[in-house]
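Chain and residue survey
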Amino acid sequence: MDFKHAKINKKLDHWTIVILLLSLCLGFNYLISKLNWQIDFSNEKKYSLSQESVALLNKIKEPVDIILTIKDDNDFPKVMQKFLNDFNILLQSIQTVSTNHQIRVTFLEIDSPHPTPTYLQQYNITEPNLIIVASQTGGKKTIFRYNVPVGTNPYDNSKAFSSEDALSRQAIFESGFYTNWKESFNGVLEPTEFRGEETLVRAILEVAAQNSKKNTVYFTSGHGESSPSDFDENRGFSYFKTMLEDQNLEVESLDLSLASKVPDNAKIVVIAGPKGTFQDQEVAVLRSYLNERGGKIILAIDPVEELSTFDRPVFGLRGILKEWGLRCHDMLVYDPSYQNFDIFTGAYLLRTYNSNNQHKIISNLTDMGLSIHSDRCRPVETTNIDNNSISDSYELIFSSKEALALSGWTQRKKPPQKNELLDLEGNIPIIAISEKGNKTHNIRIPDTKIAALGSSSILSNKYLRKNSGNQILAKNIIYWMREYDSMLEIKPRLINHYKISMKQNEFDQYLYIIATIPASVALLGLFVTWLRKEL
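Presented here is an overview of the structure given in this document. What you see is a predicted model; the values in this text were computed from it and never measured.

Attention shifts here to the overall build of the protein. A tally of regular secondary structure across the protein gives 12 helices and 24 strands. Look at the contacts in the protein between residues 6 or more apart in sequence, and 74% of them connect residues 24 or more apart.

Written as structure tokens, this is what we have:
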């Protein structure tokens with residue numbers, strides 16, 4: 001009887017120890033979960049923000065919301081899942097940082113029957129698959145946008161078909177979260193560096209660390225310009241408007257004939273494909289905006305088909321461009337080589353960049369070997385030959401070597417013969433910029449910037465929607481105009497790629513070897529159980 005009680009007490013002791021150990025583990029785990037700190041043991045500190053980021057985040061002047069409208073249960077391609085995993089790791093590291101103002105992360109389901117949280121209603125977010133950074137006074141900035149294909153038909157020859165994987169890669173590529181893309185073993189471009197920390201921190205600073213009242217982009221009207229509200233697939237500028245709004249900028253129209261000055265809240269003025277001449281009073285308003293207020297202008301101008309004797313060069317804007325070291329010829333760029341045109345769309349391919357002085361607007365375009373798609377172009381040259389000039393101008397993108405710039409091109413025969421006196425030879429500059437120079441002779445010149453493009457189609461819906469090169473060029477021009485061209489001093493993080501290559505029989509053999517381990521443990525357990533019963 002005593003032996004039986006002793007055996008029962010021994011079992012109770014064992015179960016008591018098990019329960020105590022289990023309670024200790026659960027209690028310790030609960031205690032750790034309530035502590036808002038972490039220790040990063042990874043070699044590259046993958047799960048921690050850099051000291052530069054922490055210092056910059058402490059400069060924000062109000063709370064910030066990071067909103068994701070991407071569902072967790074979506075069957076995304078692997079490259080998208082990889083991006084979301086990297087971004088979630090970044091969000092976790094940001095949430096553990098102590099800052100002067102709260103940085104709140106919200107996963108918002110657009111299709112959910114539940115109402116939107118009160119603190120997010122002011123942002124009016126209605127689109128899925130977005131990543132948005134917003135603040136109460138700074139507005140919202142979209143840093144990632146992914147359009148999920150719906151009902152696409154791969155056999156429809158009237159429309160270009162792209163797989164979900166290709167569209168995912170394009171969206172990630174254009175967002176700038178990854179850099180230094182290299183071709184993998186299967187011929188697909190894969191990123192090697194993650195720049196999510198820099199991209200996210202910069203977006204947070206834009207909406208919460210600045211108090212600039214200049215947050216509106218004005219499109220001029222009254223001269224036949226393209227409209228930002230036009231959704232036409234070819235001539236409309238609605239996609240460029242979306243890109244501006246994603247950068248936390250408002251977009252409005254401006255009739256210079258009715259204005260005595262450019263509004264005070266103007267950040268950029270866009271002149272998109274004018275067809276009529278600007279009058280002297282309108283030119284004076286633009287000149288005052290540039291010279292006295294540090295204005296920024298994007299001029300996208302097409303070749304002139306009909307030029308009467310009463311019209312002035314460059315629609316009356318020649319004087320302003322000349323003052324800032326630019327010349328926009330009333331000519332047409334003619335290229336006889338079919339190799340410089342896209343075989344599917346017929347777009348003219350601009351892929352010659354200034355290798356002597358790579359401006360930051362085109363640096364990543366040249367690194368990735370991207371081309372700019374365009375329709376008919378006109379030359380845009382620099383004229384900075386005077387060392388005393390107040391501006392620095394740069395020619396960025398050129399036509400091919402075989403191209404000619406034709407004067408009086410509407411009257412020329414095909415194929416045209418070169419006019420040795422009037423025509424220009426390739427490489428012909430198509431896109432040029434100008435900004436305030438350093439040689440001002442103690443005269444204060446505001447931070448004026450001008451970007452002149454020899455074709456409005458470069459920023460139109462026709463090519464901006466479909467070509468990554470055009471999209472990156474447009475974003476870089478916007479960053480340059482907004483003075484965000486210099487990147488933050490935050491180093492990108494290298495991405496470790498792991499690959500296992502084996503044949504099917506090798507995989508089966510490896511699987512059998514791995515399976516022998518738990519099988520051996522199970523057999524050993526059965527043998528020990530049988531042995532105890534026998535003894």
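Time to look at the side chain of Glu174. Counting through the fold element by element, Glu174 comes out in helix H4 (residues 164-175). We note that Glu174 is buried and unpaired, the nearest opposite charge coming from Lys475 at a distance of 5.5 Å. A polar atom in the side chain of Glu174 sits 3.3 Å from the side chain of Ser468. Excluding anything up to four places from it in sequence, Glu174 contacts Ser468, Gln471 and Lys475.

So, about helix H3 (residues 78-95). When the terminal C-alpha atoms of H3 are compared, their 26 Å separation across 18 residues agrees well with the 26 Å that a helix rising 1.5 Å per residue should span. Among the residues making up H3, those that are buried are Val79, Met80, Phe83, Leu84, Asp86, Phe87, Ile89, Leu90, Leu91, Ser93 and Ile94.

All right, on to the pairing of strand S23 (residues 449-453) then. Most of S23 is tucked away: 5 of the 5 residues are buried. Burial along S23 is two-sided: the face carrying Lys449, Ala451 and Leu453 and the face carrying Ile450 and Ala452 are both buried. Alignment of strand S12 (residues 296-300) against S23, held across 5 bridges, turns out to be parallel. Its bridge partner being in S23, Ile298 is matched across the sheet by Ala451. Both strand S22 (residues 429-436) and S23 contribute to a ladder of 5 bridges, which runs antiparallel. Paired with Ile433 across the two strands is Ala451, which belongs to S23.

A word on the pattern of salt bridges. For the structure on display, the rule yields 18 salt bridges. Among the ionic pairs, Glu206 bridges to Arg482, the shortest N-O distance being 3.6 Å. With Glu206 in helix H5 (residues 196-208) and Arg482 in the loop between helix H11 (468-481) and strand S24 (493-494), the pair connects residues that are 276 residues apart, well separated along the chain. Of the two residues, Glu206 and Arg482, both sit in the buried class. Here Glu420 ties to Lys418 by a salt bridge, and the two come within 3.5 Å at their closest N and O atoms. Beyond isolated ion pairs, a larger network of salt bridges with shared partners links Glu127, Arg145 and Asp246.

What follows concerns the nonpolar core. With 86 residues, the main nonpolar core has Phe83, Phe87, Phe144, Leu200 and Phe240 as its most contacted residues. Among the elements that make up this core, the one with the highest residue count is H3 (8 residues). Those residues within four positions of Leu200 in sequence are excluded, and the remaining contacts are Ile66, Phe87, Leu90, Leu91, Ile94, Val133 and Ile143. Core analysis: the next-biggest nonpolar cluster, separate from the first, contains 30 residues, Val314, Leu321, Val380 and Ala452 among them.

This brings us to the sheet that holds S24. Judged by pairing direction, the sheet is antiparallel, and its 3 strands sit side by side in the order S5-S8-S24 without closing on themselves. With one partner strand each, in any of the chains shown, strand S5 (178-179) and S24 form the two edges of the open sheet. As paired elements, strand S8 (residues 193-194) and S24 share 2 bridges and run antiparallel to each other. Directly across from Glu193, in S24, lies its bridge partner Leu494.

It is worth spelling out the sheet that holds strand S16 (residues 352-353) at this point. In space, the 8 strands of this open sheet follow the order S10-S9-S11-S12-S23-S22-S19-S16, with mixed pairing throughout. Either end of the sheet is taken by a strand with one partner, and the two such strands are strand S10 (250-255) and S16. Across the sheet, H11 touches strand S11 (266-272), S12, strand S19 (391-398), S22 and S23, and the angle it forms with S23 is around 160°.

Side chains of Met502, Phe507, Tyr510, Leu511, Tyr512, Ile514, Ile517 and Val521 sit close together on the surface and give an oily, nonpolar patch of about 820 Å² of accessible area. As for its placement among the helices and strands, Tyr512 is situated in helix H12 (residues 504-534).

Definitions and limits used
- Residues numbered from 1 in each chain as written.
- Predicted model: local features only at pLDDT ≥ 70, side-chain atom pairs only at ≥ 80, totals over all residues.
- Heavy atoms only, no water.
- Helix = DSSP H or I, 4+ residues; strand = E, 2+ residues; numbered from the N terminus.
- Contact = heavy atoms within 4.5 Å.
- Buried < 20%, exposed > 50% of the residue type's maximum accessible area, 1.4 Å probe, protein only.
- Lys, Arg positive; Asp, Glu negative; His and termini not counted.
- Salt bridge = Lys/Arg side-chain N within 4 Å of Asp/Glu carboxyl O.
- Polar contact = N/O pair within 3.5 Å; in protein donor to acceptor, adjacent residues only side chain to side chain.
- Expected span 1.5 Å × (residues − 1).
- Pairing = 2+ DSSP bridges.
- Core = buried A, V, L, I, M, F, W, Y, C linked by side-chain atoms within 4.5 Å.
- Axes fitted to C-alpha atoms, helices over the stretch in contact; angles between N-to-C directions.
- Patch = residues over 30% accessible without salt bridge, like charges linked within 9 Å, V, L, I, M, F, W, Y side chains within 5 Å.
- Areas by Shrake-Rupley, 256 points an atom, 1.4 Å probe, with all protein chains shown as cover.

Geometry only, nothing functional implied.
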